[in-house]
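# Summary of the model geometry
Residue-level listing of the chains:
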Amino acid sequence: MSLGSAAASRLSGKTILITGASSGIGKATAYLFAEASGGEVTLILTARRVSVLDSIKTDLEAKYPKTKVYPIGLDVSKLDAIDKFVAELPVKDIDVLVNNAGMVHGTEQVGEILQSDIDIMFQTNVFGLIALTQKLLPIFKARGKGDIVNLGSIAGREPYPGGAIYCATKAAVKSFTETMRKELISTRIRVIEVDPGQVETEFSVVRFRGDKSKADAVYKGVDPLVAEDIAEIIVFAVSRRENTIIADTLVFPNHQASAMIMHRKS
Ligand SMILES: NC(=O)c1ccc[n+]([C@@H]2O[C@H](COP(=O)([O-])OP(=O)(O)OC[C@H]3O[C@@H](n4cnc5c(N)ncnc54)[C@H](OP(=O)(O)O)[C@@H]3O)[C@@H](O)[C@H]2O)c1
């Protein structure tokens, strides 16, 4: 069997829930799951921008007529909303959870970081991810298998100046992920972490509070990864044989060797 057809048969019939599916890595992952499964998946796509999710549904279902897409508004930083979201899931039997929603605000150094930025980064990247995972884990445990994919970052492995809070949130994701993998050792639930380096998405626009010129400067003289590069890693990991766990992946563009070491063309 070819790599592609093996992946398609392993993905076929799965229900996949992706947080932060309105943009960047989450959106690209939704498209790639549809493509790699031969269209035979159900996608529950969540984010705050529901109108964006609605157009993704229209586009995906036109391209892949056998794919069923449920676009659902979910702000993962609002822990009460998570309870309601899980209670009202249109399909309960989730096979794959991709905890992708995440964000960074600012580059201020310790002593100058706004409390509101600290709160929103922890609420979104850590508390929301933990709350959703805890609420959905009983579904995985009842079935005894499934995949939980958490988006970490090089920032969770190597803190850098101006990133104290974002780095701390991603270090928390790493620690949470590794604990869960150990706790679930007696099951067939796979716990997977993907840690990207520099990927050009809306991430930097959000970091610089909508200032596109500052965001563009981040990618000047370098050739960053694109969202599809990370989607390929996520879909590859989930479509391995059930006994194979791509536990942890660090992904850089070619010009990057660490959070701080990058080669820029002058
Ligand atoms: N880009 C990079 O260089 C990079 C590197 C390492 C790790 N990552 C991680 O990769 C993940 C995806 O980021 P990206 O690069 O694809 O950025 P992006 O293009 O900004 O996408 C972020 C997604 O998260 C959603 N989101 C943000 N806050 C949310 C909230 N409170 N509730 C629900 N959804 C929320 C956004 O949707 P709405 O605005 O519609 O809610 C959007 O769909 C993040 O966890 C990020 O930390 C990115």
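Overview of the structure. (Residues numbered from 1 in each chain as written. Predicted model: local features only at pLDDT ≥ 70, side-chain atom pairs only at ≥ 80, totals over all residues. Heavy atoms only, no water.)

## Brief notes about the sheet that holds strand E4 (residues 96-99)
The sheet built from 7 strands is open, its strands ordered E3-E2-E1-E4-E5-E6-E9 with parallel pairing. Only two strands of the sheet have a single partner each, and these edge strands are strand E3 (68-73) and strand E9 (248-251). Taking each pair of neighbouring strands and ignoring which way they run, the sheet shows an average axis angle of 15°. Of the strand pairs in this sheet, strand E1 (residues 15-19) and E4 are connected by 3 bridges, and their pairing is parallel. Looking across to E4, one finds that Leu17 is bridged to Leu97. Against the sheet, helix H5 (residues 115-143) contacts E1, E4, strand E5 (145-151) and strand E6 (188-196), and its axis sits at roughly 165° relative to E5. (Pairing = 2+ DSSP bridges. Helix = DSSP H or I, 4+ residues; strand = E, 2+ residues; numbered from the N terminus. Axes fitted to C-alpha atoms, helices over the stretch in contact; angles between N-to-C directions. Contact = heavy atoms within 4.5 Å.)

## Describing the nonpolar core
Residues Phe33, Leu43, Leu45, Leu60, Val98, Ile230 and Ile234 are the most contacted members of the largest nonpolar core, which totals 35 residues. Only E1, helix H2 (24-36), strand E2 (42-47), helix H3 (50-63), E4, E5, E6 and helix H9 (227-238) provide two or more residues apiece to this core. Here this core takes 7 residues from H9, the largest share from any one element. With residues up to four places along the chain from it excluded, the contact list for Val98 reads Ile16, Leu17, Ile18, Thr19, Phe33, Val149, Leu151 and Ile234. Core analysis: the next-biggest nonpolar cluster, separate from the first, contains 22 residues, Val76, Ala101, Met180 and Leu184 among them. (Core = buried A, V, L, I, M, F, W, Y, C linked by side-chain atoms within 4.5 Å. Buried < 20%, exposed > 50% of the residue type's maximum accessible area, 1.4 Å probe, protein only.)

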